[in-house]
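Architecture and fold: a report
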Amino acid sequence: MALSHAQQLELLNQSVSELKNGTQVSFEFFPPATAEAEENLWSTITKLAALGPRFMSVTYGHNEQSRQRTHNVIKQIKERTGITAAPHLTCIDASEEEIKNIARDYWNSGIRHIVALRGDKQPGRQYTNFYANDLVRMLKEVADFEVSVAAYPEMHPEARSAQSDLIALKRKVEAGASRAITQFFFDVENYLRFRDRCVGAGIDVEIVPGILPVTNLETLKRFAGLTNVTVPSWLAQRFEGLENDAMTRLLIGASIAMDQVRVLRREGIRDFHFYTLNRAELTYAICHTLGRRPGMADLPAKAESVS
């Protein structure tokens, strides 16, 4: 059942110290485009890897160069940290044979977890008629991958209705997905209602909330416009007048995200996925609030290569 506004406020006033261990976290990065960005990324990965995340994922671009950077980062994460690395993979502008070849290469490199997405269409390009459920099926035909898929508490921008969007998610789960990670959101009640609807539709996998720590309101609005995410008026008001005050924006962004995870934690959520934007500070602080500490999780054993 969704929380009332009064209940949310009551939970937000609970002491942070009431949070107990047992929370799982995962982190998302994007592949670097420059040498400086790559140095920053590895600094971020090293700091967050110490928290023993469930996995680290890396996004997948629209061109061959970006895709190769994703492959390189994924393989290095596994080699340099021992943390489970999960590449994003899309089926836009790729044949079934190409997708399966990429999947085999990952499997033979010891990669066992993939985030399967349809991908965003780009103007002026040709596309196959694959959807994310088709991609999940292809991956499962190659090997027994652990597959995460996307979920949209406020509905996918291209969905005809909330119900059709829910049906699309169910198809992905029926094809073999073991987890759904949500688009970022700020209204906790929206997420809780969505979770209840998933249960009602017979979707029996984890619906992991995606958390985006906010540091720049204009950047957030741009992201939100592309993804059909509502930016509440109260959130915009908190950043008013702080255009030239980066430190205060960081503190407010951390506060907002911590409020979200505290409420969700009290609602029984034990797994959180963080959109890091390749920065460690806020995500690390929020995970600390959740009870995550360096060295808490055992690193996974090295998987054998299977052809």
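Reference entry: report on the structure contained in this document. Since the structure is predicted, the reported quantities are computational estimates derived from the model, not experimental observations. (Residues numbered from 1 in each chain as written. Predicted model: local features only at pLDDT ≥ 70, side-chain atom pairs only at ≥ 80, totals over all residues. Heavy atoms only, no water.)

1. Section: the overall build of the protein
- Per the secondary structure count, the protein includes 11 helices and eight strands.
- The buried share among the 307 residues of the protein stands at 49%.
- Taking the intrachain contacts of the protein between residues at least 6 apart in sequence as the baseline, contacts between residues at least 24 apart amount to 80%.
- Looking at the protein as shown, the accessible area adds up to about 14900 Å², and 49% of this sits on carbon and sulfur atoms. (Helix = DSSP H or I, 4+ residues; strand = E, 2+ residues; numbered from the N terminus. Buried < 20%, exposed > 50% of the residue type's maximum accessible area, 1.4 Å probe, protein only. Contact = heavy atoms within 4.5 Å. Areas by Shrake-Rupley, 256 points an atom, 1.4 Å probe, with all protein chains shown as cover.)

2. A closer look at the packing of helix 4 (residues 96-108) against helix 5 (residues 132-142)
- Their axes nearest at 9 Å, the elements helix 4 and helix 5 cross at an angle of 50 degrees. Classed by the angle they form, the pair helix 4 and helix 5 counts as oblique. Two packed elements cross with a definite hand, and for helix 4 against helix 5 that hand is right-handed. In this structure, helix 4 uses E96, I99, K100, A103 and R104 to contact helix 5, whose residues at the interface are L135, R137, M138, L139, E141 and V142. (Axes fitted to C-alpha atoms, helices over the stretch in contact; angles between N-to-C directions. Parallel < 35°, antiparallel > 145°, perpendicular 65-115°, else oblique. Left-handed = near helix turned anticlockwise from the far one by under 90°.)

3. Observations regarding the pattern of salt bridges
- This model, assessed by the stated rule, comprises 15 salt bridges.
- K140 serves as the salt-bridge partner of D144, at 3.1 Å between the closest nitrogen and oxygen.
- Residue classification places D144 among the exposed positions, given a relative accessible area of 61%.
- Across the salt bridge formed by R179 and E206, the nearest N and O atoms sit 3.7 Å from each other. Taken together, the residues span a long stretch of sequence, with R179 in strand 6 (residues 179-184) and E206 in strand 7 (residues 206-211) at a distance of 27 residues.
- For R179, a relative accessible area of 2% puts it in the buried group.
- Residues participating in the shared-partner salt-bridge network are R54, E146, R179, E206 and D271. (Salt bridge = Lys/Arg side-chain N within 4 Å of Asp/Glu carboxyl O.)

Shape is all these values report; function is a separate question.
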